[in-house]
Amino acid sequence: MPFPLYAPLPETLERAAELARRYGLELVATPPDAGYWLALTATRLELAAAEGHGAVVADFVEGAARHRREFGGGRGQPVAKAVGLKGGAMPSVVDATAGLGRDAFVLASLGCTVTLIERSPVAAALVDDALLRASSDAGTAPIAARMTLVHADAAEWLLTLAEADRPDVVYLDPMFPDTGKSAAAKKDMKAFQSVIGDDLDADRLLVAAMAVAKKRVVVKRPRLGAPLSGVPRTGELPGKSTRFDLYAPKKPA
Ligand SMILES: C[S@@+](CC[C@H](N)C(=O)[O-])C[C@H]1O[C@@H](n2cnc3c(N)ncnc32)[C@H](O)[C@@H]1O
């Protein structure tokens, strides 16, 4: 069933129709009585829930993204090291699990060209909206210009890439199955998680990523989480709450 999109304001109807067409959403005249829906307000697209929680939004301009852009530790932060940002190196990156685009935005703000692949219509629409807003803000427009969103299953999309389009790095951050220890996870992020579901096919995505990356594949995991299975790691970079597992490409540049 298509995911509902509620856009009550006449001035947002054209944009709502565009989002509905692009991501296969269903425009609804009233918000559903139960469950989740996307709501287009005068200023942004939000994931809303009948039982209520803080709005889930993808945002590159304000809040945490702004703080990290201004004070985030630049190339010294673990995600930058994980993709190999050192010296003059500026790898091209495919973020094959874009989610709300937070990691991709960090990498793009450090100068990487990032292609974001997202299969969930909900997450893809939220990132589409964040990119639109970031493109019209002077502080983030040059960063947004380095980010391209593709709504597709990355395991399939990666294997369609021509030799000349192979990225240096494929970055993966699959949804980790809920271990029951995530009581601290915020209510809004739990809502996002329950709409998206667990990414139980991440091992298959890793195989596709290794076939395509020229320099390395990076997989973000919870600090104590098990690595993806089936392929030996070539390294790991521990962070405070996360860990970055590194894999060598099957067919280097
Ligand atoms: C944990 S979230 C990623 C969060 C992201 N790193 C961020 O910074 O916001 C995982 C996302 O990957 C997406 N995903 C998982 N497997 C995918 C695949 N094969 N192709 C495209 N998207 C995928 C899920 O739909 C989900 O939105």
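Residues numbered from 1 in each chain as written. Predicted model: local features only at pLDDT ≥ 70, side-chain atom pairs only at ≥ 80, totals over all residues. Heavy atoms only, no water.

An unreviewed UniProt entry lists the protein under the name Ribosomal RNA small subunit methyltransferase J, from Crenobacter cavernae. Here the protein is described in UniProt, under the heading Subcellular location (unreviewed entry), as follows: "Cytoplasm". Turning to the protein, the UniProt annotation filed under Catalytic activity (unreviewed entry) states: "guanosine(1516) in 16S rRNA + S-adenosyl-L-methionine = N(2)-methylguanosine(1516) in 16S rRNA + S-adenosyl-L-homocysteine + H(+)". (UniProt positions renumbered as here; feature names shortened; annotations may be inferred.)

Draft legend 1. Spatial organisation of the sheet that holds strand 5 (residues 93–95). Read across the open sheet, the seven strands follow the order 7-6-5-8-9-11-10; overall the sheet is mixed. Strands at the two margins of the open sheet, each flanked by one partner only, are strand 7 (147–151) and strand 10 (235–238). Pairs of neighbouring strands in the sheet enclose a mean axial angle of 20°, with direction left out of account. Bridge analysis of strand 6 (residues 114–118) against strand 7 gives five bridges, and the strand direction is parallel. Counted as the bridge partner of isoleucine 117 is valine 150 from strand 7. (Pairing = 2+ DSSP bridges. Helix = DSSP H or I, 4+ residues; strand = E, 2+ residues; numbered from the N terminus. Axes fitted to C-alpha atoms, helices over the stretch in contact; angles between N-to-C directions.)

Draft legend 2. Spatial organisation of the domain arrangement of the protein. Split into domains, the protein comes out as domain 1 (4–49) and domain 2 (63–247). Listed as interface residues are 12 residues of domain 1 and, on the opposing side, 15 residues of domain 2. Approximately 1100 Å² of surface area, both sides summed, lies buried where domain 1 meets domain 2, with 67% of it carried by carbon and sulfur atoms. Where domain 1 touches domain 2, the interface holds three salt bridges. (Domains from an automatic or database assignment. Contact = heavy atoms within 4.5 Å. Buried area = accessible area lost by both parts, 1.4 Å probe. Salt bridge = Lys/Arg side-chain N within 4 Å of Asp/Glu carboxyl O.)

Draft legend 3. Highlighting the site of the ligand. In the region of the ligand, 21 residues are neighbours, and Arg102, Asp103, Glu118, Ala154 and Asp173 sit closest. Here an oxygen atom of the ligand and a backbone polar atom of aspartate 103 are 2.8 Å apart. Residue aspartate 153 places a side-chain N or O atom 3.4 Å away from a nitrogen atom belonging to the ligand. In isolation the ligand has 610 Å² of accessible area, and contact with the protein removes 96% of it. Those elements that place two or more of their residues in the shell around the ligand are helix 4 (102–109) and strand 6. Each residue belonging to the shell around the ligand can be placed in one class, and the counts come to 10 nonpolar, four polar and seven charged. (Near = heavy atom within 4 Å. Polar contact = N/O pair within 3.5 Å; in protein donor to acceptor, adjacent residues only side chain to side chain. Areas by Shrake-Rupley, 256 points an atom, 1.4 Å probe, with all protein chains shown as cover. Nonpolar A, V, L, I, M, F, W, Y, C, P; charged D, E, K, R; others polar.)

Draft legend 4. Highlighting the sheet that holds strand 3 (residues 36–40). A sheet is described by the order of its strands in space; here four strands give the open sequence 2-1-3-4, paired in mixed fashion. This sheet does not close on itself; its edge strands, each paired only once, are strand 2 (26–28) and strand 4 (45–49). Pairs of neighbouring strands in the sheet enclose a mean axial angle of 35°, with direction left out of account. Relative to strand 2, strand 1 (residues 4–6) runs parallel, the two sharing three bridges.

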